[in-house]
Amino acid sequence: MLPYLAEFLGTALLILLGDGNVANMKLRKSGMAGGGALMITIAWGLAVLVPAFIFGNASGAHFNPALTIALAVQGSFDWAMVPGYIAAQIAGGIVGGILVFITFKDHFNDHDNPADKLGCFCTAPSIRHYSQNLISEGVGTFVLVFAILGIANVPGLATGVDKLFVFGIIASIGMSLGGLTGYAINPARDLGPRIAHALMPIKNKRDSDWGYAFVPIVGPVIGGIVAALLYNAIPWNN
């Protein structure tokens, strides 16, 4: 039970901090409005780092269905635990999105732009071209998963330092690829808050853009699987 609870709570905290950062930057009366891309990329890395330190020993700190599936494909995670992990991650994403709405409720109600409000919960492409958007999400997640697996090749790595490496990986992906699709690179990070957006009584909100929602689910899963297969194909110990 503890690993599933840790994945639920960790993903909820990830979304609260990550989407909270976006709301901090986008909602016009926030004291940090207009913080910019650097604020987003650093804050999303930290949003993963904080729950990873708290829950890493309990669950492995996946917080990401694409990573969970990739680790199962790679052989380092039990397939029997995959459905429970994914359910916990998506549920955590929904709760995290609800907490963002509750925390910023007055600011959501004051803000005029429905697209900005949606952007505080889930991702959207800068150019809507589904095949290219899938490639972007797939490539970003490939880098994430391949780099996380590659941490095992760092000699003498102290316990906990690997979490700092993951922060660097996420910040790097965001700074290099994030402008294309908002680099969900995590189905739970996008789907959970998107569901929260659909459920919450947000004043003058737009639709939740379900036509795009498959991209940050399918792209990351494919990218993660490819990363796991390639990692396994490399003769690291020869």
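Owing to the predicted nature of the structure, the values given are computational and were not obtained by experimental measurement.

K.L.:
I'd like a rundown of the UniProt feature "transmembrane region" (unreviewed entry) in the protein chain, residues and numbers included.
P.N.:
Here the UniProt feature "transmembrane region" (unreviewed entry) sits at residues 35–55, 85–104, 138–158, 164–185 and 210–234. End-to-end, the C-alpha atoms of residues 85–104 are 28 Å apart, and along that stretch the chain is 95% helix and 0% strand. Helix makes up 82% of residues 164–185 and strand 0%, with an end-to-end C-alpha separation of 18 Å.

K.L.:
Go over the packing of aromatic side chains, please, and point to the residues and values.
P.N.:
Going through the model one piece at a time under the given rule, you end up with nine aromatic pairs. Considering the side-chain rings of Tyr4 and Tyr85, the 5.6 Å spacing of their centres and the 80° angle between planes classify their relative orientation as edge-to-face. Of the two residues, Tyr4 sits in helix H1 (residues 2–26) while Tyr85 sits in helix H4 (residues 82–103), which places them 81 residues apart along the sequence. Linked through ring pairs, Phe142, Phe146, Tyr231 and Trp236 together constitute an aromatic cluster.

K.L.:
Please set out the pattern of salt bridges residue by residue, giving values where relevant.
P.N.:
Enumeration over the complete set of coordinates arrives at nine salt bridges. By sharing partners, the salt bridges in this structure join Arg28, Lys29, Asp110 and Asp112 into a single network.

K.L.:
Mind laying out the layout of surface pockets, listing which residues take part and the relevant values?
P.N.:
Computed from the structure, the largest pocket encloses a volume of approximately 650 Å³. Elements supplying a minimum of two residues to the lining of the largest pocket: helix H2 (37–59), helix H3 (65–74), helix H7 (130–150) and helix H8 (161–181). Top element by residues in the lining of the largest pocket is H2. It accounts for five residues. Classifying every residue of the lining of the largest pocket gives 20 nonpolar, nine polar and three charged.

K.L.:
Quick one: what's the story with the nonpolar core, residue by residue and with numbers?
P.N.:
Counting residues in hydrophobic clusters, the biggest one holds 31 residues, and the most contacted among them are Trp44, Phe108, Cys120 and Tyr183. Those elements that provide at least two residues to this core are H1, H2, H4 and H8. Those residues in contact with Phe108 that sit more than four places away from it in its chain are Leu27, Val100, Phe101, Lys117, Cys120, Phe121 and Ile202. In this structure, Ile69, Val82, Tyr85 and Val145 belong to the second largest nonpolar core, which totals 13 residues.

K.L.:
I'd love a proper account of the side chain of Ser59, names of residues and values included.
P.N.:
Within the secondary structure layout, Ser59 lies in helix H2. Residue Ser59 is classed as buried on the basis of its relative accessible area, which comes to 7%. Within the structure, Ser59 has its side chain in polar contact with the backbone nitrogen of Ala61 (distance 3.1 Å). Residue contacts for Ser59: discarding those within four places in its chain leaves Pro3, Ala6, Glu7 and Tyr85.

Cut-offs applied
- Residues numbered from 1 in each chain as written.
- Predicted model: local features only at pLDDT ≥ 70, side-chain atom pairs only at ≥ 80, totals over all residues.
- Heavy atoms only, no water.
- UniProt positions renumbered as here; feature names shortened; annotations may be inferred.
- Helix = DSSP H or I, 4+ residues; strand = E, 2+ residues; numbered from the N terminus.
- Phe/Tyr/Trp six-rings, centres within 6.5 Å; stacked < 30°, edge-to-face > 60°.
- Salt bridge = Lys/Arg side-chain N within 4 Å of Asp/Glu carboxyl O.
- 1 Å grid on protein atoms, 1.4 Å probe; cavity = no way out; pocket = protein on both sides within 12 Å on 5 of 7 lines; lining within 4 Å.
- Points joined across faces, edges and corners; volume = space filled by probe spheres on them.
- Nonpolar A, V, L, I, M, F, W, Y, C, P; charged D, E, K, R; others polar.
- Core = buried A, V, L, I, M, F, W, Y, C linked by side-chain atoms within 4.5 Å.
- Buried < 20%, exposed > 50% of the residue type's maximum accessible area, 1.4 Å probe, protein only.
- Contact = heavy atoms within 4.5 Å.
- Polar contact = N/O pair within 3.5 Å; in protein donor to acceptor, adjacent residues only side chain to side chain.

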